[in-house]
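Here is what each chain is made of, one letter per residue.
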Amino acid sequence: MATAEEDPTQAEIMAIEQQILALHERLVTLRRARTGTPVPDYRFETLHGPVTLSDLFAGREQLLAIHNMGEACRYCTLWGDGLNGLLPHLEDAMAVALLSGDSPAVQQRFAAARGWRFRMASHGGGAYLEDQSVIAGGGNMPGAVVYARSGKTILRRNACVFGPGDSYCALWGLLGLGGLDASNWTPQYSYWTRPARLADGGENLID
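A short tour of the structure in this document, coming up. (Residues numbered from 1 in each chain as written. Predicted model: local features only at pLDDT ≥ 70, side-chain atom pairs only at ≥ 80, totals over all residues. Heavy atoms only, no water.)

## Details of the overall build of the protein
Tallying secondary structure elements over the protein gives six helices and eight strands in all. Beginning at the N terminus, the succession of helices and strands in the protein can be written as α-β-β-β-α-β-α-β-α-β-α-β-β-α. Its C-alpha atoms give the protein principal-axis dimensions of roughly 65 × 60 × 30 Å. For the protein, the proportion of its 207 residues judged to be buried stands at 33%. Taking the contacts inside the protein whose residues are at least 6 apart along the sequence as the reference set, 63% of them involve residues at least 24 apart. Just so you have it, the protein exposes about 12,700 Å², and 56% of that area is on carbon and sulfur atoms. Across the protein, 17 positive and 22 negative side-chain charges occur, with their mean positions spaced 8 Å apart. (Helix = DSSP H or I, 4+ residues; strand = E, 2+ residues; numbered from the N terminus. Buried < 20%, exposed > 50% of the residue type's maximum accessible area, 1.4 Å probe, protein only. Contact = heavy atoms within 4.5 Å. Areas by Shrake-Rupley, 256 points an atom, 1.4 Å probe, with all protein chains shown as cover. Lys, Arg positive; Asp, Glu negative; His and termini not counted. Charge placed at Lys NZ, Arg CZ, Asp CG, Glu CD.)

Structure follows, in structure tokens:
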């Protein structure tokens, strides 16, 4: 195997990786320093009835609100699939809820089909989405917002946008090792073509 000294391209790759790591550490430091800005206690719908933003904290000091565009977006589904695997680790640090404009019934059906374990709530495309998009004026854009509580006040601390190549979906870094990105790969809902006849009888199959 060639060393970095023998392979100039590999040496450049390693240097860029170190730069990215240093920038990430700086980014975390800046975000940690932000106290946030007050926001209203928005209302959402769930299968169990209405809840508020403060309810979604579930007694925790911080809430990670995942903004998902709903079942009609393959890219949002990709991010949801990946974050679902990290959910126990995330919930060890803060409350987590996935928010979308889909109705609670649609959310639940889609979550069951994907094996998602998120607590879910529907903003219905109303005031919350208008005010709290991950970037100002962004509308129904995928990403995440972290809220914190200070007494009875809810503060919006930090937000990010989800998109191809970002650091919030591990898949892009791994695809990049093979020279792949959003220009030559698109996520699908399923990578399995169901046979016309199932040897197990096909009972209780979820589409």
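Back to the text.
## With respect to the pattern of salt bridges
Tallying each qualifying case throughout the model produces four salt bridges. For glutamate 61, the salt bridge goes to arginine 149, with nearest N and O atoms at 3.7 Å. Residue glutamate 61 is located in the loop between α2 (53-56) and β4 (62-67), and its partner arginine 149 is located in strand β7 (residues 143-150); the two are separated by 88 residues in the primary sequence. The salt bridge involving arginine 114 is made with aspartate 81; its shortest N-O contact spans 2.5 Å. You can see arginine 114 sitting in helix α4 (residues 104-114) and its partner aspartate 81 sitting in helix α3 (residues 74-93), a full 33 residues away along the chain. (Salt bridge = Lys/Arg side-chain N within 4 Å of Asp/Glu carboxyl O.)

## Topic: the side chain of asparagine 68
When you line up the elements, asparagine 68 lands in the loop between β4 and α3. Within the local environment of asparagine 68, its side chain forms a polar contact with the backbone nitrogen of glycine 70, the two atoms lying 2.7 Å apart. If sequence neighbours within four positions are ignored, asparagine 68 has contacts with Cys76, Leu98, Leu99, Ser100, Gly101, Trp116 and Asn140. (Polar contact = N/O pair within 3.5 Å; in protein donor to acceptor, adjacent residues only side chain to side chain.)

## Looking at the environment of valine 145
Note on placement: valine 145 falls in strand β7. In this structure the C-alpha to C-alpha distance between valine 145 and leucine 64, which are 81 residues apart in sequence, comes to 5.9 Å. Not counting the four nearest positions on each side in its chain, valine 145 is found in contact with Leu63, Leu64, Ala65, His67, Gln132, Val134, Arg156, Asn158 and Ala159.

## Concerning unusual backbone geometry
One non-glycine residue, alanine 58, lies in the positive phi region at around 50°. Structurally, alanine 58 can be placed in the loop between α2 and β4. Looking at alanine 58, the relative accessible area reads 52%, which means it is exposed.

## Some thoughts on the nonpolar core
By size, the foremost hydrophobic cluster in this structure holds 21 residues, and its most contacted members are Leu64, Ile66, Trp116, Phe118 and Phe162. Mapped onto this core, the elements with two or more residues apiece are β4, α3, β5 (95-100), α4, β7 and α6 (170-177). A total of four residues in this core trace back to one element, the largest contributor, which is α3. What tryptophan 116 contacts, discounting residues up to four positions off in sequence, is Asn68, Thr77, Gly80, Asp81, Asn84, Leu98, Phe110 and Ala111. Membership of the second largest hydrophobic core comes to 18 residues, among which are Phe44, Val51, Leu53 and Tyr128. (Core = buried A, V, L, I, M, F, W, Y, C linked by side-chain atoms within 4.5 Å.)

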